[in-house]
Amino acid sequence: MYFSATVLCVLCVSVIGGVKDHDFERSPVTNPEHHISPIQEDGNWLDTYGYSAFEGQFPYHAEVRIKPISLSYVHTCAGSLITLKYVLTTAACLYRWVNEFGIEYSFVTLGSLFNGDTQWEQRINFTADGIHTHPLYRYPSYELYNIATIRLDCPATLNRFVQPIRLPRLTDIRTYEMMEGTATGDSFVRGLKYLRNQVMSNKDCQRDILPGVVITVQHLCTNSFIGGVFCFREYGSSLTVEDENGRFLIGIADHVFWCSSKYPTRHVRVSYFVDWIQTNSDYILDL
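So, how was this worked out
- Residue positions are given per chain, counted from 1 along the sequence in the order it is written.
- Where local features are concerned, this predicted model is filtered to residues with pLDDT of at least 70; where side-chain atom pairs are given and counted, the filter is 80 or more; whole-chain, interface and lining totals use all residues.
- For side-chain calculations, the full set of non-hydrogen atoms in the structure is used, while hydrogens and water are omitted.
- For every residue, the accessible area obtained with a 1.4 Å probe (protein chains only) is divided by the maximum for its type, and the residue is called buried under 20%, exposed over 50%, and partly exposed between those limits.
- Numbering of helices and strands runs from the N terminus; a helix is a DSSP stretch of H or I covering at least four residues, while a strand is a stretch of E covering at least two.
- Note on pairing: two strands pair once DSSP finds at least 2 bridges between them.
- Definition used for salt bridges: Asp or Glu carboxyl oxygen within 4 Å of a side-chain nitrogen of Lys or Arg.
- Here, patches come from residues exposed beyond 30% relative accessible area and free of salt bridges, joined within 9 Å for like charges and within 5 Å for nonpolar side chains (Val, Leu, Ile, Met, Phe, Trp, Tyr).
- Computed by Shrake-Rupley with a 1.4 Å probe, the accessible areas treat only the displayed protein chains as cover when residues are assessed.
- What counts as a ring pair is set by centres within 6.5 Å for rings of Phe, Tyr and Trp (its six-membered ring), and what kind of pair is set by the plane angle: stacked under 30 degrees, edge-to-face over 60, tilted for all other angles.
- Only the stretch in contact is used when fitting a helix axis, every axis being a line fitted to C-alpha atoms; angles between N-to-C directions are given from 0 to 180 degrees.
- Any two cysteine sulfur atoms within 2.5 Å of one another count as a disulfide.

(A) Just the pairing of strand 7 (residues 103-110), in detail. Counted residue by residue, strand 7 has seven buried out of eight residues, so it is predominantly covered. Two elements, strand 4 (residues 61-68) and strand 7, share seven bridges in a ladder whose sense is antiparallel. Opposite Ile66, over in strand 7, you have Ser106 as the bridge partner. In the sheet, strand 7 pairs with strand 8 (residues 122-125) via four bridges, with the strands oriented antiparallel. Its bridge partner being in strand 8, Phe107 is matched across the sheet by Asn125.

Here it is in structure tokens:
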């Protein structure tokens, strides 16, 4: 069963040809679409590389890779598998590559690397036609409506290493303040990492974050002083919490600081956009 499914996904990414993991280069952090705030502070006792995930611990984590036509490197960011055919991420992860450079090829990797082992991976193509960014998102501002979905060229094959994550219910009006949030991070070569931070109030986040960074009802933040500063955090990566019904997605990382800083991390608040997500994917929301 799994071998057959893997063959199907290989066919979906056949345009990649001989590209291998070591051919992927990170987009330079000086690029404006990689909106890392360059804060440098020596001796930050809060910084951490996080914990190494075990196989199947975060089966919804998706690595998004885009090769722009006119650039030599492969742009990378992250997302979350929400259905068999859709990945949720930020608009900033995708917008410029589609609208300014054009895409030579693009795909997502599911069942991410664990200590260099690729046996669980599924690589599935997507095209510019499968990308839906929020119509009110405006590049190069990343402050508002920074959300997007990706329609995959073929459905993911579900197993213990690849599973979609559920979204907040329509009737869920919680702020998630004081809950423990789990953030997935970079799985590039090193293997998937994660960290747990406490979700903080937007009021406290606006007080503690770098001046000029906007915090609105579209956002939520995690507290660096309760959990640490995640050096392997990745744009578009998930923030989840757990309740009596299990784990679900509440945030998408969209403003990350160098791990030498102590500022909160800002996320897109998923519950603010659940209606838009349902309209721009095949996700069916629960009441």
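This is not the end of the story, as more comes after the structure.
(B) Region of the structure containing the pattern of salt bridges. Inspection of the entire model under this criterion finds 12 salt bridges. A salt bridge links Arg266 to Glu143; the shortest N-O distance between them is 2.3 Å. Pair noted here: Arg266 is in strand 17 (residues 265-269) and Glu143 is in the loop between strand 9 (131-133) and strand 10 (148-151), with a separation of 123 residues, a long-range link. Residue classification places Arg266 among the buried residues on the basis of a relative accessible area of 0%. Linking Arg266 and Asp254 is a salt bridge whose minimum nitrogen-to-oxygen distance equals 3.0 Å. Of this pair, Arg266 sits in strand 17 while Asp254 is found in strand 16 (residues 246-257), placing the two residues 12 residues apart along the sequence.

(C) View of a nonpolar patch on the surface. Residues Trp45, Phe225 and Ile226 make up a contiguous nonpolar surface patch of roughly 380 Å² in combined accessible area. Residue position: Trp45 is located in the loop between strand 1 (36-37) and strand 2 (47-48). Residue class for Trp45 comes out exposed when judged on its relative accessible area of 64%.

(D) Seen up close, the packing of aromatic side chains. If you walk through the whole model with that rule in mind, you get 12 aromatic pairs. Seen from their ring centres, Tyr145 and Phe273 are 6.2 Å apart, and the 75° between their planes marks the pair as edge-to-face. Taken together, the residues Tyr145 in the loop between strand 9 and strand 10 and Phe273 in the loop between strand 17 and helix 4 (274-279) connect sequence positions 128 residues apart. Ring pairs connect the aromatic residues Tyr51, Phe58, Tyr60 and Tyr194, which therefore count as one cluster.

(E) Structural context of the sheet that holds strand 5 (residues 75-81). Strand order in the open sheet formed by seven strands is 8-7-4-5-6-10-9, with antiparallel pairing between adjacent strands. Only two strands of the sheet have a single partner each, and these edge strands are strand 8 and strand 9. Ignoring strand direction, the axes of neighbouring strands in this sheet form an average angle of 30°. In the sheet, strand 5 pairs with strand 6 (residues 86-89) via two bridges, with the strands oriented antiparallel. Looking at strand 6, one finds that Leu81 is bridged to Val87.

(F) Representation of the state of the cysteines within the structure. Summed over all chains, the structure comprises three disulfides. Through a disulfide, Cys77 is tied to Cys93; the S-S separation comes to 1.7 Å. Remark: Cys93 occurs in the loop between strand 6 and helix 2 (95-101) and Cys77 occurs in strand 5; sequence separation between them is 16 residues. By relative accessible area, Cys77 is classed as buried at 2%.

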